[in-house]
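Chain residues, written in single-letter form:
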Amino acid sequence: MTQAMLKGSNIPLEATAIRAVLRWTPGTDVPDVDASALLLDADDRVRSDEDFVFYNQPNHPSGLVRHLPKKPNQDALTDTIEAEFTGLEPAVRRVVLAASADGGTFGQVRDLSLLLYDASSGAPQEADAEPIAIFAVLPETGKEAALICGELYRRGDTWKFRALGQGYETGLVGLATQYGISVEDGEAAGGSDGDGAPAGAGPEGGAAPEPPATPAPAPEPLTTGSAAAD
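Residues numbered from 1 in each chain as written. Predicted model: local features only at pLDDT ≥ 70, side-chain atom pairs only at ≥ 80, totals over all residues. Heavy atoms only, no water.

Moving on, we get to the overall build of the protein. Within the protein, the regular secondary structure consists of one helix and 12 strands. Expressed as a percentage of its 230 residues, the buried residues of the protein come to 51%. In the protein, once contacts between residues fewer than 6 apart in sequence are set aside, the share between residues at least 24 apart is 69%. When the accessible surface of the protein is split by element, carbon and sulfur atoms take 50% of a total near 10300 Å². (Helix = DSSP H or I, 4+ residues; strand = E, 2+ residues; numbered from the N terminus. Buried < 20%, exposed > 50% of the residue type's maximum accessible area, 1.4 Å probe, protein only. Contact = heavy atoms within 4.5 Å. Areas by Shrake-Rupley, 256 points an atom, 1.4 Å probe, with all protein chains shown as cover.)

This is the structure we're talking about:
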């Protein structure tokens, strides 16, 4: 049975691997949407730029977190992140699941949802499977160019998912630099098709942009309504 998530709510995950699918309805004046993931340590920072998985860096060096190509799904488009928990280094405490709007804001994006599927070995393929959870991601102001849709995080020996919906008007650059990604001069001008996202995270790390106008701290803990604190 699919769990409909509220902002701030969380659920335990029994799966050893998760496929997180961003889905939205395309159309005239609707910006494209790009999925990405940040692998964070206990200080809620990336350990290096390699912990940022997105369209220009689709595979984490471990091979356990991946960005998959976009594909149509009936009248919708999807962009996907896969994460395998087994073998993921203990230093990785959470995997943040983010979305960025290419050349626009999320006030222009229709029907944005995050769906979680069991991607464990032997699990049904996405087309035949029921999602574990679905979260309708709603921007708060409509001016956000990037959103943290949710996070996969450790609790002891298990993993959980929390629905978030935290926005950044400064786009993927602002979100990424908030968590320690370095963005080289001149590289912030191009995204998947020329948006304001980092075109490539480089170890030299040039000047970083100003942080988001309303930067949010790491979203742990977060509760809404009846959501549990962990």
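Taken together, six strands build an open sheet; the order of strands is 2-12-11-8-4-5 and the sheet is antiparallel. Among the strands making up the open sheet, the edge pair consists of strand 2 (10-13) and strand 5 (52-53). Note that strand 4 (residues 32-40) and strand 8 (residues 94-102) share nine bridges and pair antiparallel. Opposite Leu 40, over in strand 8, you have Arg 94 as the bridge partner. (Pairing = 2+ DSSP bridges.)

Our focus in this paragraph is unusual backbone geometry. Although it is not a glycine, Asp 29 sits at a positive phi angle of roughly 65°. With respect to the secondary-structure elements, Asp 29 resides in the loop between strand 3 (17-25) and strand 4. For Asp 29, a relative accessible area of 63% gives the class exposed. Even without being glycine, Gln 74 reaches a positive phi, approximately 55°.

This part takes up the sheet that holds strand 10 (residues 133-136). With mixed pairing, six strands are arranged side by side in an open sheet as 1-10-9-3-7-6. At either margin of the open sheet sits one strand with a lone partner, and together these are strand 1 (3-4) and strand 6 (65-73). Bridge count for strand 9 (residues 110-118) against strand 10 is four bridges, and the pairing is antiparallel. Its bridge partner lying in strand 10, Leu 114 is registered against Phe 135.

A full pass over the atoms with the stated rule returns 12 salt bridges. For Asp 34, the salt bridge identified is with Lys 70, shortest N-O distance 2.5 Å. Note that Asp 34 is positioned in strand 4 and Lys 70 in strand 6, a separation of 36 residues in sequence. By relative accessible area, Lys 70 is classed as partly exposed at 31%. Here Arg 47 ties to Glu 89 by a salt bridge, and the two come within 3.2 Å at their closest N and O atoms. On the criterion of sequence distance, the pair formed by Arg 47 in the loop between strand 4 and strand 5 and Glu 89 in the loop between strand 7 (76-84) and strand 8 is long-range, its members being 42 residues apart. Its relative accessible area of 40% is what places Glu 89 among the partly exposed residues. Several salt bridges share partner residues, and in doing so they unite Arg 19, Arg 66, Glu 82 and Glu 84 into one network. (Salt bridge = Lys/Arg side-chain N within 4 Å of Asp/Glu carboxyl O.)

Attention shifts here to the side chain of Arg 94. Tracing the backbone through its elements, the reader meets Arg 94 in strand 8. On the basis of relative accessible area, Arg 94 is assigned to the buried category, the value being 7%. Polar contacts involving the side chain of Arg 94 include one to the side chain of Asp 44, which spans 3.0 Å. Reaching out from Arg 94, the side chain makes a polar contact with the side chain of Glu 151 at a distance of 2.5 Å. (Polar contact = N/O pair within 3.5 Å; in protein donor to acceptor, adjacent residues only side chain to side chain.)

This part is about the pairing of strand 3. Across the nine residues of strand 3, eight count as buried, placing the element largely inside the fold. Sheet analysis places strand 3 next to strand 7, joined by eight bridges and oriented antiparallel. Among the inter-strand pairings, Ala 20 is bridged to a residue of strand 7, identified as Ile 81. Here strand 3 pairs with strand 9 via seven bridges, running antiparallel.

Another point: the environment of Val 109. The residue Val 109 is located in the loop between strand 8 and strand 9 in this model. Sequence-wise, Val 109 and Asp 29 are 80 residues apart; in three dimensions their C-alpha atoms are separated by 8.8 Å. Excluding its chain neighbours within four sequence positions, the residues that come into contact with Val 109 are Trp 24, Val 30, Pro 31 and Val 33.

To continue, consider the packing of aromatic side chains. Where two aromatic rings form a pair, the distance of their centres and the angle of their planes describe that pair. All chains considered together, the criterion is met by three aromatic pairs. Note on Phe 52 and Phe 54: the rings are 4.3 Å apart at their centroids and 10° apart in plane angle, and the pair reads as stacked. As far as burial versus exposure is concerned, Phe 52 and Phe 54 are alike and both buried. With a centroid separation of 4.5 Å and 10° between ring planes, the pair formed by Phe 85 and Trp 159 is classed as stacked. Residue Phe 85 is located in the loop between strand 7 and strand 8, and its partner Trp 159 is located in strand 12 (residues 158-168); the two are separated by 74 residues in the primary sequence. An identical accessibility class is assigned to Phe 85 and Trp 159; each is buried. Joined through ring pairs, the aromatic side chains of Phe 52, Phe 54 and Tyr 55 make up one cluster. (Phe/Tyr/Trp six-rings, centres within 6.5 Å; stacked < 30°, edge-to-face > 60°.)

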